[in-house]
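Chain residues, written in single-letter form:
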Amino acid sequence: MRRLRTCLGATALGLATAGTTVLIGGHASGATSALSNRWYAAAPYLMPLDNDPPDPAAIMDATGLKAFQLAFVLAPNGGGCSPTWGGTAPVSSDTAVQSAIDAIRAKGGDVSVSIGGYGGTKLGQVCSDATATAAAYQQVITKYGLHAIDFDLEEPEYENTAAIKNEIGAARILQQNNPGLYVSVTTAGTADGTGWFGKQMLLEAKSQGFTPNNFSIMPFDGGFNGAASQTGALTNFNAILQSTFGWDQATAYAHEGFSGMNGRSDSGEIFTQADFQTVLDYAISHNMDRFTFWSLNRDRQCTPADNGGRTSGTCSSVAQNPWDFAKYSVTFAGSTPPSPTPTPPGTPTPPSATCTSAWSATAVYTAGNEVSYDQHNWKAKWWTQNEVPGASPWGPWQDEGAC
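Residues numbered from 1 in each chain as written. Predicted model: local features only at pLDDT ≥ 70, side-chain atom pairs only at ≥ 80, totals over all residues. Heavy atoms only, no water.

## Observations concerning the overall build of the protein chain
Moving on, step 1. The secondary structure content of the protein chain amounts to eleven helices and 17 strands.
Moving on, step 2. For the protein chain, the residues scored as buried account for 53% of the 403 residues in total.
Moving on, step 3. In the form shown here, the protein chain has an accessible surface area of approximately 15,500 Å², with 52% of it arising from carbon and sulfur atoms. (Helix = DSSP H or I, 4+ residues; strand = E, 2+ residues; numbered from the N terminus. Buried < 20%, exposed > 50% of the residue type's maximum accessible area, 1.4 Å probe, protein only. Areas by Shrake-Rupley, 256 points an atom, 1.4 Å probe, with all protein chains shown as cover.)

Shown next as C-alpha cells:
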C-alpha cells in the first residue's frame, strides 16, 4: 500500500516493437507516436503536482529514462463522476500536467497515467456503472493522447465489489475502444502473491473476459524483508495467475508485473539497490511484462540525519545518488543508462578540508562521527565498527570529499 501518495512499471507476450505508431485521443498537443510497450512497462511512478516533483527532463538526461507513470487520477473530493488529479485538480481544465507531458514528449519520451492508488475516492466507487466509469477515463486518454494507462486497485476500493466491477469493466471498455492501448492492473502484494481481495479482482477480470497487458503486485508494506521475499511473492503470484486463468507458467509470467518501493517503505522495510537488482534479474530471466516502482519523487537521498529513520514522500531514506533507482527501469526497458562523465586523466581533486582523525578498525562510531581515510573525510550515517569507509556505496560512511 502506498500511504505517502497524496499527502505529502521485450520478451513478454504482446509487446509492441519500437517505433510502433498508435495515435489515441484528439488533443492537438497530446497525440504523439507511441513508444514500445516495454517503456510503458518500465515507467516509474511520478506525482507531477505533489511530493516536491522532480524535473522529468533532468531525469531523462541523467538516466536515459523515456517513460513516466503519472499519478493519480481520482474522483473529485466534492463528489461526481469526472476525473481529477488527486481529487482536487480537474483534468478538463488542467494545464500544469499537460505542460509536463509536453516537455517529456519534446525530448522523445511519453507518459502513462495511473488511476486510483491508496486513499482518496476512486471513480469506480462513485460512477454509476462500468460504462460511466470508462467515459470518465476516456476523457483522460483523449485529453493527453495516451497510449498507456494503469489501474491501481488497492485499499479501500478493492474491498468494494461494485467498485471493482466498475473498474475492471471500464478497463475492458477502454481496451476495446482504444486499439493498442497498453493496460496494466496493479494491486497489493502478500507473501502468498496477493490477498483475498486481489484474488477476487482477478476472478472479476476472468468473469468479464478481460486480459490486460499485465497484473502487477506491490510486494512491500506486508512484512517483506528484502529481495528474496519479493521474488518469492512473485513466484507465488505466478501460480495464482496460472490457476485463475488456466495459463501455463510462461504465459502467466508474460502477464505478470512487479511494482516495488525504493528505499524505506511505509512500514519500515528497507529495499536497497541490491534488492532492486535481484528483482530486476528475476523479472528479466522469467520474461515478466513489467518492472516499476514508487516513486521518482523518492529517488534521491534524504539528509544524512533522515536516512533509514523515517519514510518520506520526497526521498528514499537510503544512501544513493539522485535517480539511481530509475536506472533499473531503464535497464528493464532494454536500454543502457549513461555512465557518469569521467574526470579527465591528471585532473587533481582539490582538498575540501583538513583531514580529521584517522579511521580505526577497532573504534565504535555513531551517526555524525567524522574520520579520515584514503585522503578523504567521511561521516558516519549510523552505528558502525570495522567497516572500511568507501568499501560499499550502501555502507555506513558518507564521503565528505578529499582532504
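## With respect to the pattern of salt bridges
Moving on, step 1. If you walk through the whole model with that rule in mind, you get four salt bridges.
Moving on, step 2. Note that D52 is salt-bridged to R300, the shortest N-O span being 3.6 Å. Placement of D52 in the loop between β1 (45-46) and α2 (56-63) and of R300 in the loop between β12 (290-294) and α11 (326-332) is noted, with a sequence separation of 248 residues between them.
Moving on, step 3. Taking relative accessible area as the criterion, R300 reaches 16% and is therefore assigned buried. (Salt bridge = Lys/Arg side-chain N within 4 Å of Asp/Glu carboxyl O.)

## Brief notes about the side chain of D94
Moving on, step 1. Locating D94 in the fold gives a position in the loop between β4 (89-90) and α3 (96-106).
Moving on, step 2. A polar side-chain atom of D94 sits 2.7 Å from a polar atom in the side chain of Y144.
Moving on, step 3. Discounting residues that sit within four places of it in the chain, D94 has contacts with W85, K143 and Y144. (Polar contact = N/O pair within 3.5 Å; in protein donor to acceptor, adjacent residues only side chain to side chain. Contact = heavy atoms within 4.5 Å.)

## Section: the state of the cysteines
Moving on, step 1. If you walk through the whole model with that rule in mind, you get two disulfides.
Moving on, step 2. There is a disulfide in this structure between C81 and C127, and the S-S distance comes to 1.9 Å. On the sign convention where negative is left-handed, the bridge of C81 and C127, at about 100 degrees about the S-S bond, is right-handed. Residue C81 is located in the loop between β2 (67-74) and β3 (84-85), and its partner C127 is located in the loop between α4 (123-126) and α5 (130-144); the two are separated by 46 residues in the primary sequence.
Moving on, step 3. Under the relative-accessibility criterion, C127 is labelled buried at 5%.
Moving on, step 4. Linked covalently through their sulfurs, C302 and C315 form a disulfide whose S-S length is 2.0 Å. (Disulfide = S-S within 2.5 Å.)

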